[in-house]
Structure formats: C-alpha cells, structure tokens
Amino acid sequence: MQIMDAMKSRTILYLSLGALCLTVGAGSRAEGLERGRPPSIRYTVEVDEQEFAFLRVSMDVENVTAGPLTFRLPRWAPGAYRIRDYAENVRQLHAVAQDGSPLAVQRVAEDGWQVRARGELVRVEYEVEPAYETWRGRALDSTHALIEGPDVFLYLEGHKEDPVQVSYHLPDGWRITSALDAVRDSTVYVADNYDALIDAPTEMGLFRRYRVYLGEKPVDLVFRGADGFAADSFAVMVKKICAYETGLFGETPFDKYVFFYNVFPGRRSGGGLEHRNSTVIGLAGTRLAQSVLSAAEVTAHEFFHLWNVKRIRPAVLGPFDYTREVRTRDLWFSEGVTSYYEGLTLVRSGLWTVQRLLRELAFQVERHQEAADRRSVSVEQVSWNIWERGYGHAGVSYYVKGLLLGWLLDLQMRHVTDNRVSLDDLMRFMNEHYARQNKGFRHGDIQRAVEELTGRDFSDFFRRYVAGTEDLPYREVLGYAGLDFFLSSRWLPDIGRVFFLGPRHRVVLVQRGSAAEQAGLQAGDYLLAIEGERITTLAEFKRMIEERKVGSTIKLRVRRGDEELVLPVTVAQREDAQCVIEPKADPTETEHALLVDWLTGRVRGPSSHGIPHGGNKPSGSGKL
Ligand SMILES: [Zn+2]
C-alpha cells in the first residue's frame, strides 16, 4: 500500500500492506453442515438508492444441517496492518430459513454472529456501510459504490476455502466492472474462495474505462471522478510501467489486470492498495491535471506488488487469520524494496531522468536521517510491531529504510560479483523459488537467496543494517557506482507532524509522542490560529512554527465540537537533513560501468544461477 501526502509534494507517509494467499488449507468443517456435500455460498449486493448510505447484503448458504453456524467479518484488511471494527458498520443482521421463517441469531464476538440452522438453507441478511479510507475517499455515494471486500462480506467460519458467487443489483444508469470473473450478464461474479473474493474489488456507477494490452493480456484502467487530464498519455505511461515490470520478471501472471483509479478534484494527496490482479488507487486531481506523471510512482509501486507481497510473500501472510494480528520482520523487503523499484522502473522505462531518480533517493536518505529513533529501532522491529506502532509514527519506516536497504543491497551485490548479479536477480530468484512454488518465504530466506546468488557472505550486512541499527554505509557503497554522497543536518523548531485537511483544517493525524500531542491536540480538532495568526496551508503552518524559538510556548487555537480551546504547545526541535547525490566527475571505468548498468537494468555476462533475465532493453534514459 502507499499513502501519499501533499507536503513537500512528495511521498512522505505510507501504510504497509500484507499479502493474500489463494491456497487455503482444508480447515475444520463447522458444525451444522452436511458431510460430503459442500455448502454453496452466494451473496447478493444491492445499493440503498434512497440515501446511498449502505449496502444491503444477503448471504445464502445451502446444504446445511441443523446446528450452529458462525459468521464473521475480518478484523483487518489484507494490506493494512491495523485492527479494524468493520462489524460496527453492520446493522439489522438477521437470518431466515428456506421457508422464510426467522432463525435465532446470537452475537458471539465483536466480529461474529452465530446462527442456529434448521437445515437446508440459511440466509443471513444485513445492511453495511462500507468503510471510509482517507486515501480513496467514500466507497459509496450517489455516483458509485466501490466494494473492496473485508468490510462488506461475511465469511462462514471453517469455510473460507469454499467457492463463492456474488450477484450485484445495479441502480439505473450504473455500470459495473470487477477484477473477478463474470459468469452471467456481467453482474454475477465468482471467486475460488473467500480470500480471492475480498482481494478483487468491484466498482459500480459512473466511470470511464480504457484498455491497454501487454502482449495478449488486457490491462484495464478504470477512472472515476475528475477528468481534466490527458487520458491517452496516462495510458501510454501505464503501459510503459507494466511492460517494464513484466519484462523484469519475464512473465505476465494474470489473465486480466485492473487499475481502479479514483481521481479527487482539488485534493493534493492520494494512495493505493494492491490486490492480487488489481489495485485501487486514489489520485490528487490537481496534480494529475498538471502532469499525468504524478501518478507514475503509485502505479509502479502497486503493480510491482503483483509480485512482491502478493506472490513473493512472507510465509505468515497467507493463508490469513482475519481474527487477529499476524506478524513478520520482513516488511522492509515487501514494502521498501517495492518502493525502491518505483524509481528504477520509471528511469528504466524512460519516464524519469537520472537526475530525478538521484534526487528522490537523496530525499529518502534525508527522511531516514530525520527519524529520531534510527539508532535504536531496527527496521525488523518496526515491521514486527506495526500493529501497535501504527502509521502515524515519525520514526524509522520500513518503506524508507527498506528502500535504502534495497538500493545498497543492489549495488553491493553488483560490486561483489563484478557486476554480474543484481537485486533484479534476487527478485526473479524469489519469484521462481517461492512465488511460483506457491509458498511463502521465511525469515532468513532473503539473506540465504542473496548469498546463493552472489556466492558471498552477507551476514554482516543483514546483522548491522537490517536486524541492527548502524548508520547505513552510503558513501562506501554508492562509491562503487561512481556516485558522490553529501549529507548534512540542521535543527529546526518543531511541534511534531500534524496533518489537516479541507477548508476548515480538520486535523487527521497528530504525531505520537510529539509536542503537539502532549499539548492535547487531537485528530478531529479544527485548527484556527497560532498566536492569533490565522492558519492557511500546511506549508504556512510549518513556517509559522519554524519562526518560533525552541523551548518557547505558543498558543494554538482549535475548535473541538462546540468549544474553542487554546492549547499551549512547547516548541521542540527536529533534525532537518540535506542530502545530495551526484555522479563523480572522474569515475573509474568499473564505477562508470556499474552506474550505467544499474540505471539500465543490465548485468555483465550470464549470471550463474540459471534463471533467465527478463530481457529488459536499456531505455536510453541512462545518460548522465
Ligand atoms: Zn505498498
């Protein structure tokens, strides 16, 4: 997943994502189902056309015997590592038997209901309001309904592996498109199992659709919202990105792929959530109108997830247990390395200049440098503790440090093999040995794969920088590629990260442990003024704070409900890093060759591990 923020007009806050596995173990059959005859599970979804406030869902389970059946909603969505209460959006849940007579329903957990079946068929009916996500806006209004899944569809305990069918009833004038396979009228869809169902979004309503092809495989671009941008150039850009990444892996492992783009007019931030053969992306209309390239990074990121995290996945991330947190130390690889490939993809497909890539990498170095806990918290700890730590934390990020680790690993692998093996080989190796074998990798497998590919010991690298918190060896490793590296820091007055949205400046995030939080500022407050000076934009807000003295107290005026409050905030300080990365004026021949090959995605000569390269042609953008 990726969440972008408008501040500095660059990606600064990300959410993490998990993987979804389509193979689910046999599991234990729930009581109340006939032995030998699998129940048939069918959903029907209808939009409330009065208020467009909820969906009416009915779930039929056939072939049941008398006894209790437990129905649940997931407590988290694959991808976003935080416990949610989707069940609080469920209303009017009741159950009926084949003859329409009511069945007893008992709430057995926050996320679960037990229905006492009398045999044959159980129909559970409920109303549900789809969850709101800041990065993609409302999932239901009078113009559309976006069904992502975990917040809408109940599952029958013990039967997540059964095939399911969904029928949609469309309001007049609406169209429908889905990442699932349609079986009839394009309004009835099937999925192999529950996991597949909630990993394949469906969009209904008013949208535009474009199609590009990768070989013979269709890639659909579904746009909803503002249309003041060049759709043709957009499609060309998407095709370049997809062509590069499928070329890198040497495969197009889907029958159809769908990008669901939601374009928000006037909005300056967005984000995306990957699915197995699709992704849902929120785009800032203002930035898109200026340049379709503003959508390039999130597009490259989410499409790369098609392999890294959805198929090349940590073993614990599938099959899923939706009832509790699942943990891995390896999200730096699943998310951070995915972020690293954003820039590589864009340079190697000719969409970015080399200067743009180096600027972006320098920006990521600055972000990591500014993480106050970078010398005490490892990226593996952040990955493990994301459920408690959350995404609002300003410290070490597995996106940022993972991206930097991917980069350093890439150059280090090239260096120790005389530029014969790269991170591209590692991605193909992981795809071949794990994804295509349909198995997850375990902690330690990435290091083992790197060592097998390079024939070198990388324990030092993983111990010091991945499991450890030592300063990253930028200068030495970038030097192998003939890059000069400059890093300096200054300290600025600061009250912590505060994000606000909309014309009334509604606070959506206050950095944990920050001066602003200690002063009592909360998400949901409306920011009015600092020391009597009216707050206008995020950038202005930052400037107003940076003009104060460290240790001084400022009066922050906010509205909370009907009350107006004045919060005294003690100004703290934060590190502000400046990094510059540029090609050396006089690189050696070896350094220059490594740099050019890194930028174009080549290695020297055949690599020794027997996996064919994807055949990526140098894009010609590697000019220095
Ligand atoms: Zn991601």
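All values reported here derive from a predicted model rather than from experimental measurement.

J.: For the confidence of the model for the protein, give the residues involved together with the corresponding values.
T.: Counting all residues, the mean pLDDT for the protein is 89, and 91% of those residues have values of 70 or more. Here residues 5-33 scores under 50 on pLDDT; set against residues more than four positions off or in separate chains, the count is 137 contacts. Below pLDDT 50 for its whole length, residues 607-624 participates in 43 contacts with residues either more than four positions away or in separate chains.

J.: I'd like to hear about the environment of Val337, residue by residue, with values.
T.: The topology assignment puts Val337 in helix H5 (residues 331-348). Judged by relative accessible area, Val337 falls into the buried class, the value being 1%. Residues Val337 and Gly601, spaced 264 residues apart in sequence, show a C-alpha to C-alpha distance of 15 Å. Excluding residues within four positions of it along the chain, Val337 makes contact with Asn308, Trp332, Gly402, Leu403, Gly406, Leu423 and Met427.

J.: Just give me the short version of the nonpolar core, but keep the residues and values in it.
T.: Counting residues in each nonpolar core, the largest one holds 172 residues, and the members touching the most others are Phe153, Phe234, Trp332, Trp407, Ile581 and Trp598. For this core, the two domains that each supply at least three residues are domain 1 (41-190) and domain 2 (327-485 + 586-624). Sequence-distant contacts of Ile581, defined by excluding residues within four places in its chain, comprise Leu358, Leu361, Ala362, Val365, Trp407, Leu478, Leu483, Asp484 and Phe485. Counting residues in each nonpolar core, the second largest holds 25 residues, with Leu509, Leu521, Met544 and Leu565 among its members.

J.: Break down a negative patch on the surface for me, citing the residues and quoting the values.
T.: A cluster of acidic residues, Asp85, Glu88, Glu110 and Glu129, forms a negative patch at the surface. With relative accessibility at 32%, the residue Asp85 sits in the partly exposed group.

J.: Can you explain the sheet that holds strand E13 (residues 164-169)? Please cite residues and give values.
T.: Hydrogen bonding along the main chain pairs the strands of a sheet, whether they run parallel or antiparallel. If you walk across this open sheet you meet the eight strands as E6-E5-E9-E3-E2-E13-E16-E15, and the pairing is mixed. Either end of the sheet is taken by a strand with one partner, and the two such strands are strand E6 (102-103) and strand E15 (181-184).

J.: Can you explain the packing of aromatic side chains? Please cite residues and give values.
T.: Taken as a whole, this structure holds 40 aromatic pairs when the rule is applied. Ring plane angle 50° and centroid distance 5.6 Å describe the contact between Phe249 and Phe304, whose orientation is recorded as tilted. A residue pair is termed long-range when its members are at least 10 positions apart, and Phe249 in helix H2 (residues 231-249) and Phe304 in helix H4 (residues 296-305) qualify at 55 residues. Side by side, Phe249 and Phe304 carry an identical accessibility label, which is buried. Aromatic side chains Phe259 and Phe303 sit 5.9 Å apart centroid to centroid with 25° between the ring planes, which places their arrangement in the stacked category. Taken together, the positions of Phe259 in strand E20 (residues 257-264) and Phe303 in helix H4 put the pair 44 residues apart, joining distant regions of the chain. Accessibility expressed as a relative area gives 0% for Phe259, which makes it buried. Of the residues examined, Phe303 reaches a relative accessible area of 0% and is grouped as buried. Above the face of the Tyr155 ring, Lys160 is positioned so that its terminal group lies 5.4 Å from the ring centre.

How each quantity is defined
- Residues numbered from 1 in each chain as written.
- Predicted model: local features only at pLDDT ≥ 70, side-chain atom pairs only at ≥ 80, totals over all residues.
- Heavy atoms only, no water.
- pLDDT = per-residue confidence, 0-100.
- Contact = heavy atoms within 4.5 Å.
- Helix = DSSP H or I, 4+ residues; strand = E, 2+ residues; numbered from the N terminus.
- Buried < 20%, exposed > 50% of the residue type's maximum accessible area, 1.4 Å probe, protein only.
- Core = buried A, V, L, I, M, F, W, Y, C linked by side-chain atoms within 4.5 Å.
- Domains from an automatic or database assignment.
- Patch = residues over 30% accessible without salt bridge, like charges linked within 9 Å, V, L, I, M, F, W, Y side chains within 5 Å.
- Areas by Shrake-Rupley, 256 points an atom, 1.4 Å probe, with all protein chains shown as cover.
- Salt bridge = Lys/Arg side-chain N within 4 Å of Asp/Glu carboxyl O.
- Lys, Arg positive; Asp, Glu negative; His and termini not counted.
- Charge placed at Lys NZ, Arg CZ, Asp CG, Glu CD.
- Pairing = 2+ DSSP bridges.
- Phe/Tyr/Trp six-rings, centres within 6.5 Å; stacked < 30°, edge-to-face > 60°.
- Lys NZ or Arg CZ within 6 Å of the ring centre and 35° of its normal.

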